[in-house]
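Architecture and fold: a report
The primary structure of each chain is shown beneath.
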Amino acid sequence: MAYSDKVLDHYNQPRNVGSLSKDDPNVGTGVVGAPECGDVMKLQIKVNAQGVIEDARFKTFGCGSAIASSSLATEWVKGKTVAEAATLRNTDIVQELNLPPIKIHCSVLAEDAIRAALADYKAKQDAATKSEV
Amino acid sequence: MAILNDSAVEPGTPPAESPPPFVVDSDGKVDLDRWSGPGEPPPDAFTVLGLPRRLLLDPKHLDLRFRSLIRDLHPDRFHVSGPDAVRKAERHSSLANDAYRALRDFERRVRLLLELEGHAVDEKFRPSPALLGQVLEINEALDALQEALADGAPAAAAAARGEIAATGRELGDARQALSDRLYDAARRWDAAQAPDAAADLASLARRDLRAALGEASYLDNLLARVQAALLPTQAPTPTQS
């Protein structure tokens with residue numbers, strides 16, 4: 001099955017490729033992998049004092065749909081609050097990118113990556129608050 | 001059978017009540033009508049070689065069983081009985097060969113036995129965050145290597161290869177630890193086959209076996225990519241002389 005134009009667009013010009021400092025307490029890192037094909041996806045968010053995601057980066061090793069899904073995910077979470085980002089669903093990605101059924105797991109991976117990044121950010125913040133007390 | 005009496009009792013030696021090989025009848029005679037060929041589902045490898053369904057087999061015992069069976073089934077012995085008998089002997093010989101190949105390798109044997117017991121391994125392994133981190137590192141180093149080779153930067157290529165090799169060694173260690181886990185679970189599965197063993201021991205061991213095998217395939221795929229990247233591929237392929 002051919003890739004949709006939107007997938008090709010993100011694949012050819014991926015947004016927000018790269019890395020943020022893993023050790024920054026305001027950066028949450030999520031690394032997830034697909035058991036089916038060995039794809040691996042790293043998604044990072046940088047959250048400011050107001051709880052808004054001011055930057056997002058990704059690095060994905062996998063098929064075009066996996067790259068497009070994570071590229072789109074970083075675009076979407078930028079400017080959102082942590083709480084808003086948590087409501088993002090893989091079905092939104094499927095719709096936007098017109099993913100065929102066999103590529104739905106790519107969008108699931110992107111959703112998992114966002115959740116993992118949010119969870120990592122939260123864990124870091126909790127640890128920081130605890131050490132301050 | 002003489003083989004059973006002769007073999008030293010070692011850990012993993014099948015119990016003395018091993019059935020005779022499939023093709024041998026109760027009088028110890030070779031019966032070439034046991035399997036009528038591809039139209040009929042072939043007996044499983046354990047049945048063919050006359051071994052109990054256990055995961056830890058003494059390899060020496062397995063070899064002896066196989067060699068003795070192959071000797072008994074050698075088509076040359078059946079020339080006197082006519083071409084039909086030779087054909088049947090060939091059929092059963094190939095069955096014995098397949099069975100031996102299926103059982104000789106420990107991990108292949110585990111997969112086969114789980115399949116026979118109706119618990120085929122699904123390969124949906126969920127890698128741990130630590131392993132995913134290593135997968136990411138390897139992928140990044142593989143990309144860096146590609147780039148360095150394309151740019152003709154030997155120092156950068158060597159650095160990337162070094163990184164790939166280092167992570168590869170870590171993965172190799174993890175693979176070794178996994179083999180140990182598999183052997184441990186196999187021992188527990190075998191022990192759980194005793195008539196008086198608690199029922200949940202077998203299912204626990206089976207769960208561990210399936211999990212370890214799923215992880216093993218994942219690691220093997222990764223290690224294959226690492227090895228392929230470390231091969232000196234950029235040298236021009238010598239022409240066959």
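Residues numbered from 1 in each chain as written. Chains lettered and ligands numbered in written order. Predicted model: local features only at pLDDT ≥ 70, side-chain atom pairs only at ≥ 80, totals over all residues. Heavy atoms only, no water.

Concerning the interface of chain A and chain B
Quite often, the size of an interface is put as the accessible area lost when its parts meet. Going by this rule: Whether two residues are in contact is decided by their heavy atoms, any of which lying within 4.5 Å being enough. What gets called buried area is simply the loss in accessible area from a 1.4 Å probe that two parts show on being joined, summed for both. Salt bridge criterion: a side-chain nitrogen from Lys or Arg within 4 Å of a carboxyl oxygen from Asp or Glu.
Taken together, the contact between chain A and chain B spans 11 residues of the former and 12 residues of the latter. Summing both sides of the interface, chain A and chain B together bury roughly 1000 Å²; the carbon and sulfur share of this comes to 66%. Summed over the shared surface of chain A and chain B, the result is one salt bridge. For E140(B), the salt bridge goes to K59(A), with nearest N and O atoms at 3.1 Å.

Concerning unusual backbone geometry
Residue and element names in this part refer to chain A. For clarity, the cut-off: Going along the chain from the N terminus, every DSSP run of H or I of four or more residues is numbered as a helix, and every run of E of two or more is numbered as a strand. Per-residue accessibility, obtained with a 1.4 Å probe over protein chains only, is compared with the maximum for each type, and a residue is labelled buried under 20%, exposed over 50%, and partly exposed between these values.
Even without a glycine there, the phi angle at N16 is positive, about 60°. The residue N16 is located in the loop between α1 (5-12) and β1 (27-33) in this model. Relative accessible area serves as the criterion here: at 17%, N16 is assigned to the buried category.

Overview of the packing of aromatic side chains
Residues and elements named next belong to chain B. Test applied: Here a pair means two rings of Phe, Tyr or Trp (six-membered ring of Trp) with centres within 6.5 Å. Their orientation is stacked below 30 degrees between planes, edge-to-face above 60, and tilted elsewhere.
Counting across every chain of the model gives two aromatic pairs over all chains. When the centroid spacing of 4.0 Å and the interplanar angle of 5° are considered together, the rings of F66 and Y100 count as stacked. Of the two residues, F66 is situated in helix α3 (residues 59-72) and Y100 in helix α4 (residues 83-104); the sequence distance between them amounts to 34 residues. Each member of the pair, F66 together with Y100, is buried. Centroid distance F106 to Y183: 4.0 Å. Interplanar angle 5°. Geometry classified as stacked. Residue F106 is found in helix α5 (residues 106-116), and its partner Y183 is found in helix α7 (residues 154-191); the two are separated by 77 residues along the sequence. The exposure class assigned to F106 is buried, which follows from its relative accessible area of 8%. The partly exposed category is assigned to Y183, whose relative accessible area is 36%.

A word on the sheet that holds strand β3 (residues 53-61) of chain A
All names here are of chain A. Stated formally: Two strands form a pair only when DSSP identifies at least two bridges running between them. The axes used here are C-alpha line fits, helices contributing only the stretch in contact, and every angle between their N-to-C directions lies in the interval 0 to 180 degrees.
Strand order in this open sheet of three strands is β1-β2-β3, and the pairing throughout is antiparallel. On the outer flanks of this sheet lie β1 and β3, each paired with one strand and no other. Ignoring which end each strand starts from, the neighbouring axes of this sheet average 10° apart. Where helix α2 (residues 64-77) meets the sheet, it contacts β2 (40-47) and β3, and its direction lies at approximately 175° from that of β3. Strand contacts of helix α5 (residues 104-132): β1 and β2, with the helix running at about 145° to β1, the strand carrying the most contacts.

Looking at the nonpolar core
Within soluble globular proteins, side chains that are nonpolar generally end up buried alongside one another. What counts here: For our purposes a nonpolar core is just a set of buried Ala, Val, Leu, Ile, Met, Phe, Trp, Tyr and Cys residues, chained together by side-chain atoms within 4.5 Å. Note that the domain bounds reflect an automated or database-derived domain assignment.
With 66 residues, the main nonpolar core has L49(B), L103(B) and L209(B) as its most contacted residues. Elements represented by at least two residues in this core include exactly α2 (45-49), α3, α4, α5, α6 (129-151), α7 and α8 (199-230) of chain B. With 11 residues, α8(B) is the single largest residue contributor to this core. Residue contributions to this core reach at least three from each of two domains, namely domain 1 (15-104) and domain 2 (129-230) of chain B. If we skip the residues at most four places from it in the chain, L103(B) touches A45(B), F46(B), L49(B), L51(B), L57(B), L62(B), R109(B) and L112(B). Among the nonpolar cores identified, the runner-up in size contains 29 residues, and V7(A), V32(A), I45(A) and L72(A) belong to it.

Some thoughts on the pattern of salt bridges
A pair can form between side chains of opposite charge whenever their charged atoms are brought close. Residues and elements named next belong to chain B. Counted by the stated rule, this structure contains 23 salt bridges over all chains. A salt bridge links R53 to E117; its shortest N-O distance comes to 3.2 Å. Highlighted residues: R53 in the loop between α2 and α3 and E117 in the loop between α5 and α6, separated in sequence by 64 residues. With relative accessibility at 30%, the residue R53 sits in the partly exposed group. Residue classification places E117 among the partly exposed residues on the basis of a relative accessible area of 32%. Because the salt bridges share partners, they merge into one network encompassing D33, D84, R87 and K88.

Limitation: the analysis is restricted to geometry and does not speak to function.
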